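# Working through the structure, step by step
Each chain, letter by letter, is given below.
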Amino acid sequence: MKLDWYRDGFIKIDNKIYSLAEAVTFFPNSIKEISIFVKTEIDRAENTKQIHQNNIDKILVIEEKVKKIIASLNLKKCGKDWQENKENIYKIFKYIIQSSKYDEKIMLEKKAILNLNIDDQEKAHTMEINEIYNCLINHKSVCTSDSFAMSFILRALGFKAYHATTQNLTDGGYHEVVLIIFDNESYICDPTIFREAFETGWLKDISKDYFIFKEKDYCQYICSGEREVVYVHPPIIFTEDGEDMFKKGEDENGRQ
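Not measured: the values here are computed from a predicted model. (Residues numbered from 1 in each chain as written. Predicted model: local features only at pLDDT ≥ 70, side-chain atom pairs only at ≥ 80, totals over all residues. Heavy atoms only, no water.)

On to the sheet that holds strand E1 (residues 3-7), then. Taken together, the three strands give an open sheet; going across it, the order is E1-E2-E3, and neighbouring strands pair in antiparallel fashion. Strands with a single pairing partner mark the edges of an open sheet, and in this sheet they are E1 and strand E3 (16-19). Pairs of neighbouring strands in the sheet enclose a mean axial angle of 20 degrees, with direction left out of account. With four bridges joining them, strand E2 (residues 10-13) and E3 adopt antiparallel strand pairing. (Pairing = 2+ DSSP bridges. Helix = DSSP H or I, 4+ residues; strand = E, 2+ residues; numbered from the N terminus. Axes fitted to C-alpha atoms, helices over the stretch in contact; angles between N-to-C directions.)

We now examine helix H4 (residues 106-114). Note: α-helices contain 3.6 residues per turn, so residues at a spacing of three or four share the same orientation. When H4 is considered as a whole, its buried residues turn out to be Ile106, Lys110 and Ile113. Summarising the axial view, the buried residues of H4 lie within an arc of 60 degrees, below the 170-degree limit, and thus occupy one face. Away from its buried face by more than 90 degrees, H4 exposes Leu108 and Lys111. Looking at the packing, one finds that the buried side of H4 touches helix H5 (120-136), strand E5 (140-141) and helix H6 (143-156). (Buried < 20%, exposed > 50% of the residue type's maximum accessible area, 1.4 Å probe, protein only. Arc of directions from axis to C-beta. Contact = heavy atoms within 4.5 Å.)

Looking now at the pattern of salt bridges. In the structure shown here, the tally under the stated rule is 10 salt bridges. The closest approach of N and O atoms between Lys2 and Asp4, which form a salt bridge, is 3.9 Å. Looking at Lys2, the relative accessible area reads 46%, which means it is partly exposed. As a salt-bridge pair, Lys110 and Glu131 come within 3.5 Å of each other at their nearest N and O atoms. Linking Lys110 in helix H4 with Glu131 in helix H5, this pair joins segments that are 21 residues apart in sequence. Overall, Glu131 belongs to the buried group, its relative accessible area being 2%. (Salt bridge = Lys/Arg side-chain N within 4 Å of Asp/Glu carboxyl O.)

Contact geometry for H5 and H6: axes closest at 8 Å, N-to-C directions at 90 degrees. Of the possible angle classes, the one that applies to H5 and H6 is roughly perpendicular. Contact residues: Glu128, Glu131, Ile132, Cys135 and Leu136 in H5; Thr144, Ser145, Asp146, Phe148, Ala149, Phe152, Ile153 and Arg155 in H6. Among the residues making up the contact of H5 with H6, the classes are represented as seven nonpolar, two polar and four charged. (Parallel < 35°, antiparallel > 145°, perpendicular 65-115°, else oblique. Nonpolar A, V, L, I, M, F, W, Y, C, P; charged D, E, K, R; others polar.)

Counting 52 residues, the largest nonpolar core has Ile89 and Leu136 as its most contacted members. With eight residues, the single largest contributor to this core is helix H3 (residues 82-99). Excluding anything up to four places from it in sequence, Ile89 contacts Trp82, Met150, Leu154, Phe159, Ile180, Cys189, Phe211 and Ile212. Within the second largest apolar cluster, 10 residues are counted, among which are Leu3, Phe27, Ile34 and Val38. (Core = buried A, V, L, I, M, F, W, Y, C linked by side-chain atoms within 4.5 Å.)

Everything listed here is a matter of coordinates, which is why it stays silent on function.
Here is the structure:
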């Protein structure tokens, strides 16, 4: 027996939809299994509703924080001049590095979210919101938090900016970076690696000339040809009652 979903008194069994009354009539030997499944689905729906409200509350706090960051750093909207855009990107890059500290305990939070009994879409929303919240509000971060938060701020300014996953071609290890597309060219920022170098004293300052790289140069020279971009995550659009919670004009498409 394959139980797919339960909604408002109806359950899908073996690719057919039944009312609960029909289900217990047609499958009398599986009443216990059906009951357990229905309870689990009801709990999942209630948990999802509660988590969704928590996410709405967090994203509103994040948006207010981003407004303050934009004002305090005197950031400008994405324009046609790359050098002016680069100045904005640099300010955000430096802010992410200097305002948050690496905290490996976030990995435990991520694992807890993955284990939540909620809808998969809400789980993905929760993961991204929690990462941004940790970086910008709690001032703690890992590479996913850095890339989610930095790309979020950039998108608020009209940049095509994304959280991207890179993979080590030798050991298969993953690392998250920020990918920015401008004038059909892909650029990469890696705030996590630069924070480590800065905090350990290997870098004395965060140079305006050495913080963003064309994708091919980042992979070839910074990563010695051992790492490549394997996935670019499309930005999640957080909604309430069907209306976008992001600002109008937010680019909701993945990498072109």
